[in-house]
Amino acid sequence: MKREHKEEMKARRRNICLKVAYDGTRYHGFQRQTPPVVAVQNVLEKQLGKMFGDSIEMAAAGRTDAGVHAYGQVVNFFTNGSIPTERIVKAANSLLPDDIVVVEAWEGDFDFSARHSAKSKTYLYRLQQGVVPNPFTDRYAWYIWRPLNIGAMREALALLEGTHDFSSFRAAGGAPMSPVRTLYRAELLEKEGGILEFNIHGNGFLYHMVRNIVGTVVDVGTGRFTVERFREILEACDRSKASPTAPACGLYLYEVEY
């Protein structure tokens, strides 16, 4: 958003904040796209604009990629619309498609930004194990048929906790920023139905960082890499040493903390 346009938006009376969940399967990511390409932001801004009687331009905590899902995306926008906060959730969901849902709404301080005020984020990544694929998780998990060494994968993930240069897991094409990030939690949980769930909580993430970590940790699980080799990949700060990016379908923006 241009600076003068941002100032115009902030001159409005209210800063509305929403927690949004969505199935990203049929969208070209979250960030607004030029039609006919449709992103989650396109849909939200169009429908909320009808509801508030304003042109809506929102900021988001994370610009999830095509096919990536969210339980807890957070957005904010400025408006002169008068709809009471307690009515926003029901009204918004009556206009939105079934795969985008407003979970919570509140009015924020004028200096609150869903993007810039975030202190940390949690991402989930799900794997589906089994001898044959599961058609009911095909859009929501990465299917892995090979047996995985869960213990080795957990050892590799433990090496990521703390503050590191994550250049080895940074994809080209992201915004220029420091590759140094702090991960507070990097764990692997076994769920029912052959689901393995990565739970990664950190103060910030680089472009494709979670999916590149998952792709490389899965290679530890299959035996392609040892845990020691994974350590060397992390310390190399070289994306070419790590594994290919894991598919988008298994990734979820789970929670944003402020």
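You'll find the structure just up there.
The paragraphs below set out a description of the structure included in this document. (Residues numbered from 1 in each chain as written. Predicted model: local features only at pLDDT ≥ 70, side-chain atom pairs only at ≥ 80, totals over all residues. Heavy atoms only, no water.)

1. Looking at the overall build of the protein chain
- Within the protein chain, the regular secondary structure consists of six helices and 10 strands.
- With respect to the principal axes defined by its C-alpha atoms, the protein chain has extents near 60 × 40 × 30 Å.
- When each of the 258 residues of the protein chain is scored for burial, the buried share is 52%.
- When contacts within the protein chain are restricted to residue pairs at least 6 apart in sequence, long-range pairs at least 24 apart make up 71% of them.
- Summing over all exposed atoms, the protein chain offers an accessible surface of approximately 12,600 Å²; the carbon and sulfur share of this is 50%.
- Counting 32 positive and 30 negative side-chain charges, the protein chain places the centres of these two groups 4 Å from one another. (Helix = DSSP H or I, 4+ residues; strand = E, 2+ residues; numbered from the N terminus. Buried < 20%, exposed > 50% of the residue type's maximum accessible area, 1.4 Å probe, protein only. Contact = heavy atoms within 4.5 Å. Areas by Shrake-Rupley, 256 points an atom, 1.4 Å probe, with all protein chains shown as cover. Lys, Arg positive; Asp, Glu negative; His and termini not counted. Charge placed at Lys NZ, Arg CZ, Asp CG, Glu CD.)

2. Notes on helix α6 (residues 227–236)
- All buried positions along α6 are accounted for by Val227, Phe230, Ile233 and Leu234. Seen along its axis, α6 keeps its buried residues to an arc of 110°; they face one direction.
- Packing partners of the buried residues in α6 comprise α4 (150–158), β7 (162–165) and α5 (209–221).
- One or two residues past the end of α6 sits Cys237, with phi positive at roughly 55°. (Arc of directions from axis to C-beta.)

3. What about the packing of aromatic side chains?
- Applying the stated criterion to the full structure yields 10 aromatic pairs.
- Look at Tyr123 and Phe205: their rings are 5.0 Å apart centre to centre, the planes differ by 80°, and that puts the pair in the edge-to-face class. Of the two residues, Tyr123 sits in strand β5 (residues 120–129) while Phe205 sits in the loop between β9 (195–202) and α5, which places them 82 residues apart along the sequence. Both residues of the pair, Tyr123 and Phe205, count as buried.
- Taking 6.4 Å as the distance between ring centres and 80° as the angle between the ring planes, the aromatic pair formed by Tyr125 and Phe198 counts as edge-to-face. One end of the pair, Tyr125, is in strand β5; the other, Phe198, is in strand β9, with 73 residues separating them in the sequence.
- In this structure Tyr125 comes out as buried when scored by relative accessible area, which is 0%.
- Here the aromatic residues Tyr71, Tyr252 and Tyr254 are joined through ring pairs into a cluster of three or more. (Phe/Tyr/Trp six-rings, centres within 6.5 Å; stacked < 30°, edge-to-face > 60°.)

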